[in-house]
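The residues making up each chain are set out below.
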Amino acid sequence: MTPDKLPQHVAIIMDGNGRWAKQHGLPRIEGHRRGADAVKRCLKAAQANGVTHLTLYAFSVENWNRPQSEVDALMDLLDRFLRDQLPELIKGEIRLRVIGRYRELPEKIQTRLREAEAATRHFSNYTLGLALNYGARTEIVDAAKAIAQAAQAGELNPDELDYATLRQHLYTRDMPDPDLVIRTSGESRLSNFLLLQSAYAEIYLSPVLWPDFDEAEFKNALAAYAARERRYGKTAEQLVH
Ligand code: IPE
Ligand code: IPE
Ligand code: MG
């Protein structure tokens, strides 16, 4: 694939764990467990196919509204995932970046995340973004607060505020915008994921339930992306091929 047809940043809304479990006559948590295996596969597929940034939507600010037993099970799974995967991230030279409201996560998860981020901070070839307790509206509110405070302190002139400055206050300030957003399980919505950053992303809706997501489907998404024409408001004729 020519480099310009390869997305630099792929962001995935991993959906369908519950339905996968239901289809297999298993409890929802088993779907999440299989979902964690799919995450490992996907990470390998991204690296093998030259995608340098992968961001995975793992837990939204709205997901706290699920039954407490499911939330607890998800946090346990996340804890185990981080423990098991840290050596893999180091081996693969992948930098971990968490996006979302960190401090509202359970203490033990925060500790693991800090440890994993610190241990992988120096890697620059690959980045795994993990969206945890993430919501785009929350992110924008956090950015607006920081900007308002900077203005109040006289550090920023509101008249000079532009998107580049606003972007510096997003959780993803040190990541490129996603080129390709994938949502699995056949749903067609963004569910509060990277709303500003995805302004010009290509979207691939996959019918596959997340626990069944594999390299073949990842490649299907890359092929679909390569066939798209990103016009950014211009006419097709203006684009130089
Ligand atoms: C995605 O799968 C995982 C999370 C949102 C944490 P779901 O749990 O949403 O699966 P469905 O949508 O019920 O099938
Ligand atoms: C989106 O999935 C959030 C994550 C993948 C973490 P949901 O299953 O929570 O989204 P909705 O509720 O169907 O929109
Ligand atoms: Mg869902």
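Residues numbered from 1 in each chain as written. Chains lettered and ligands numbered in written order. Predicted model: local features only at pLDDT ≥ 70, side-chain atom pairs only at ≥ 80, totals over all residues. Heavy atoms only, no water.

Novice: Give a description of the site of ligand 2 that names residues and reports values.
Specialist: All residues adjacent to ligand 2 are Ile 13, Met 14, Asp 15, Tyr 57, Ala 58, Phe 59, Ser 60, Asn 63, Arg 66, Arg 183, Arg 189 and Ser 191. Within the side chain of Arg 66, one N or O atom sits 3.3 Å away from an oxygen atom of ligand 2. Between ligand 2 and the protein, one listed contact pairs an oxygen atom with a side-chain N or O atom of Arg 189 at 2.8 Å. Computed on the free molecule, ligand 2 has an accessible area of 390 Å², of which 77% lies beneath the protein chains in the complex. Applying the majority rule of atoms within 2 Å of the grid points places ligand 2 in the largest pocket. Broken down by element, the residue count for the shell around ligand 2 peaks at 4 residues, all from strand 2 (residues 53-60). The class makeup of the residues in the shell around ligand 2 is 5 nonpolar, 3 polar and 4 charged. (Near = heavy atom within 4 Å. Polar contact = N/O pair within 3.5 Å; in protein donor to acceptor, adjacent residues only side chain to side chain. Areas by Shrake-Rupley, 256 points an atom, 1.4 Å probe, with all protein chains shown as cover. 1 Å grid on protein atoms, 1.4 Å probe; cavity = no way out; pocket = protein on both sides within 12 Å on 5 of 7 lines; lining within 4 Å. Sits in = over half its atoms within 2 Å of the grid points. Helix = DSSP H or I, 4+ residues; strand = E, 2+ residues; numbered from the N terminus. Nonpolar A, V, L, I, M, F, W, Y, C, P; charged D, E, K, R; others polar.)

Novice: Account for the pattern of salt bridges, naming residues and giving values.
Specialist: Counted according to the given criterion, the structure contains 22 salt bridges. Residues Arg 66 and Glu 70 are paired through a salt bridge, measuring 2.9 Å at the closest nitrogen-oxygen approach. Note on Glu 70: relative accessible area 9%, which makes it buried. Overlapping salt bridges bring together Asp 15, Arg 19, Arg 183, Glu 187 and Arg 189 as one network. (Salt bridge = Lys/Arg side-chain N within 4 Å of Asp/Glu carboxyl O. Buried < 20%, exposed > 50% of the residue type's maximum accessible area, 1.4 Å probe, protein only.)

Novice: Would you mind going over the site of ligand 1 in detail, with residue names and values included?
Specialist: Surrounding ligand 1, one finds Met 14, Asp 15, Gly 16, Asn 17, Gly 18, Arg 19, Arg 28, His 32, Ala 58, Asn 63 and Arg 66. Asn 17 places a main-chain nitrogen or oxygen 3.1 Å from an oxygen atom of ligand 1. In the environment of ligand 1, an oxygen atom lies 2.8 Å from a nitrogen or oxygen atom belonging to the side chain of Arg 66. Counting atoms within 2 Å of the grid points, the majority share of ligand 1 lands in the largest pocket. Secondary-structure elements contributing two or more residues to the shell around ligand 1 are helix 1 (17-23) and helix 2 (28-48). Considering every element that reaches the shell around ligand 1, the biggest residue donor is helix 1, with 3 residues.

Novice: Report on the packing of aromatic side chains, specifying residues and quantitative values.
Specialist: By the definition in use, this model includes 8 aromatic pairs. When the ring of Tyr 134 is compared with that of Phe 193, the centres are 6.0 Å apart and the planes differ by 85°; the resulting orientation is edge-to-face. Placement of the pair is Tyr 134 in strand 4 (residues 126-134) and Phe 193 in the loop between strand 5 (180-183) and strand 6 (202-205), with a sequence separation of 59 residues. One exposure class covers both Tyr 134 and Phe 193, and it is buried. Ring geometry for Phe 213 and Phe 218: centres 6.5 Å apart, planes at 85°, overall edge-to-face. Judged on exposure class, the residue Phe 213 and its partner Phe 218 are both buried. (Phe/Tyr/Trp six-rings, centres within 6.5 Å; stacked < 30°, edge-to-face > 60°.)

Novice: Report on the pairing of strand 3 (residues 94-99), specifying residues and quantitative values.
Specialist: Counting buried positions along strand 3 gives 6 out of 6 residues, so the element sits mostly inside the fold. A two-sided burial pattern is seen for strand 3, the buried positions comprising Ile 94, Leu 96 and Val 98 on one face and Arg 95, Arg 97 and Ile 99 on the other. As paired strands, strand 3 and strand 4 are joined by 6 bridges and run parallel to one another. Within the sheet, the bridge partner assigned to Leu 96 lies in strand 4 and is Leu 128. You can see the chain leave strand 3, run along helix 4 (residues 107-120) and come back into strand 4, and the turn it takes is left-handed. (Pairing = 2+ DSSP bridges. Right-handed = clockwise from strand over helix to strand, strands pointing away.)

Novice: Pulling in residues and values, what's your account of the packing of helix 3 (residues 68-91) against helix 4?
Specialist: Remark: helix 3 packs on helix 4, axes separated minimally by 10 Å, with the N-to-C direction vectors making an angle of 15°. When the interaxial angle is binned, helix 3 and helix 4 end up roughly parallel. Every pair of crossing elements has a handedness; the one defined by helix 3 and helix 4 is left-handed. Counted together, Met 75, Asp 76, Leu 78, Asp 79, Leu 82, Arg 83, Leu 86, Leu 89 and Ile 90 of helix 3 and Lys 108, Ile 109, Arg 112, Leu 113, Glu 115, Ala 116, Ala 119 and Thr 120 of helix 4 form the full contact between these two elements. (Axes fitted to C-alpha atoms, helices over the stretch in contact; angles between N-to-C directions. Parallel < 35°, antiparallel > 145°, perpendicular 65-115°, else oblique. Left-handed = near helix turned anticlockwise from the far one by under 90°. Contact = heavy atoms within 4.5 Å.)

Novice: Hey, could you go over the sheet that holds strand 3 for me, with residue numbers and the actual values?
Specialist: Taken in spatial order, the 6 strands line up as 3-4-2-1-5-6 in an open sheet, and their pairing is parallel. Because the sheet does not close on itself, it has two edges, and the strands there are strand 3 and strand 6. Within this sheet the neighbouring strands show an average axis-to-axis angle of 20°, counted without direction. Looking at chain direction, strand 2 and strand 4 are connected through 7 bridges and run parallel. Across the sheet, Ser 60 pairs through a bridge with Tyr 134, a residue of strand 4. Of the strands in this sheet, strand 3 and strand 4 touch helix 4, which is tilted by about 140° from strand 3. Across the sheet, helix 7 (residues 215-226) is in contact with strand 1 (9-13), strand 2, strand 5 and strand 6; its angle to strand 6 comes to roughly 140°.

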